[in-house]
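# Structural overview for review
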Amino acid sequence: MTTTQQELFRFLEDRFACAQACTECARACALRASLVDPDGTEEQELVRRKGIMCAEVCDATCRVLSEQNRLDEHGIRVQLEWCRTVCLECAHAFDRWPGAEEAAKACRMCAQACTDFMATLN
């Protein structure tokens, strides 16, 4: 995957940063989703479901990143792209709700971490 020691360090640092961002995003989304009234409007339910889905996808991505060599590079890239997409969708959903700014920020940071890590893959 990487050829030099410097590239290997960058790969591992980016992988760890991405896993950490996924963990933070999962926490923020799960917390935000729990604050939305499940008996609220249809739009509130959509935001709640997006938050739950984002937390689950981030959690799954973190697990993939913590497993050594379980997936090939293509599998990791697909997981990262899925996570990035879901995080951005969730951030857009949270943008419409006062008080959800921190969760939206965590989603965007996670999406960026996924993008950055994909850049280290060959």
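The next point concerns the overall build of the protein. Regarding its fold elements, the protein presents four helices and zero strands. Whereas a compact globule of 122 residues would reach a radius of gyration of roughly 14 Å, the protein reaches 15 Å, a difference of no more than 12%. Its C-alpha atoms put the protein at 55 × 25 × 15 Å along the principal axes. The contacts of the protein with a sequence gap of at least 6 include a subset with a gap of at least 24, amounting to 74%. Accessible area for the protein stands at about 7200 Å²; split by element, carbon and sulfur atoms hold 54% of it. Here the protein contributes 14 positive and 20 negative side-chain charges, whose respective centroids are spaced 1 Å apart.

Another point: the packing of helix H2 (residues 42-66) against helix H3 (residues 73-95). Two elements in contact, H2 and H3, have axes separated by 9 Å at closest approach and are oriented at 155°. Considering the angle they form, H2 stands roughly antiparallel to H3. Handedness of the H2/H3 crossing: left-handed. Across the interface between the two elements, Val 47, Lys 50, Gly 51, Met 53, Cys 54, Val 57, Cys 58, Ala 60, Thr 61, Val 64 and Leu 65 of H2 pack against Ile 76, Gln 79, Leu 80, Trp 82, Cys 83, Val 86, Cys 87, Glu 89, Cys 90, Ala 93 and Phe 94 of H3. Its residues placed into classes, the contact of H2 with H3 shows 17 nonpolar, three polar and two charged.

Two side chains with opposite charge may pair up if their charged atoms get near one another. What the rule picks out here adds up to nine salt bridges. Two residues, Arg 48 and Glu 45, come together in a salt bridge whose shortest N-O distance is 3.0 Å. Taken together, the positions of Arg 48 and Glu 45, both in helix H2 and three residues apart, correspond to about one turn of that helix. What makes Glu 45 buried here is its relative accessible area of 18%.

A word on the nonpolar core. Core analysis: the biggest nonpolar cluster contains 38 residues, and Cys 54, Cys 58, Leu 80, Cys 87, Phe 94, Cys 107 and Cys 110 have the highest contact counts within it. Secondary-structure elements contributing two or more residues to this core are helix H1 (5-35), H2, H3 and helix H4 (101-120). Not counting the four nearest positions on each side in its chain, Leu 80 is found in contact with Cys 18, Thr 61, Leu 65, Cys 114, Phe 117, Met 118 and Leu 121.

For H4, which comprises 20 residues, the first-to-last C-alpha distance of 29 Å matches the rise-based estimate of 28 Å (1.5 Å per residue) to within 8%. What H4 keeps buried is the set Ala 103, Ala 104, Ala 106, Cys 107, Cys 110, Ala 111, Ala 113, Cys 114, Phe 117, Met 118 and Thr 120. In this structure, the buried side of H4 is in contact with H1, H2 and H3.

What follows covers the environment of Glu 102. Locating Glu 102 in the fold gives a position in helix H4. Taking the C-alpha atoms as reference points, Glu 102 and Ala 17, separated by 85 residues in sequence, lie 18 Å from one another.

Turning to H2, a few remarks are in order. With 25 residues, H2 should reach 36 Å at 1.5 Å per residue; the first-to-last C-alpha distance of 36 Å fits that figure. Along H2, the positions that sit buried rather than exposed are Glu 45, Val 47, Gly 51, Cys 54, Ala 55, Val 57, Cys 58, Ala 60, Thr 61, Cys 62, Val 64 and Leu 65. Packing partners of the buried residues in H2 comprise H1, H3 and H4.

Analysis parameters
Residues numbered from 1 in each chain as written. Predicted model: local features only at pLDDT ≥ 70, side-chain atom pairs only at ≥ 80, totals over all residues. Heavy atoms only, no water. Helix = DSSP H or I, 4+ residues; strand = E, 2+ residues; numbered from the N terminus. Rg over C-alpha atoms; globule rule 2.2 N^0.38 Å. Contact = heavy atoms within 4.5 Å. Areas by Shrake-Rupley, 256 points an atom, 1.4 Å probe, with all protein chains shown as cover. Lys, Arg positive; Asp, Glu negative; His and termini not counted. Charge placed at Lys NZ, Arg CZ, Asp CG, Glu CD. Axes fitted to C-alpha atoms, helices over the stretch in contact; angles between N-to-C directions. Parallel < 35°, antiparallel > 145°, perpendicular 65-115°, else oblique. Left-handed = near helix turned anticlockwise from the far one by under 90°. Nonpolar A, V, L, I, M, F, W, Y, C, P; charged D, E, K, R; others polar. Salt bridge = Lys/Arg side-chain N within 4 Å of Asp/Glu carboxyl O. Buried < 20%, exposed > 50% of the residue type's maximum accessible area, 1.4 Å probe, protein only. Core = buried A, V, L, I, M, F, W, Y, C linked by side-chain atoms within 4.5 Å. Expected span 1.5 Å × (residues − 1).

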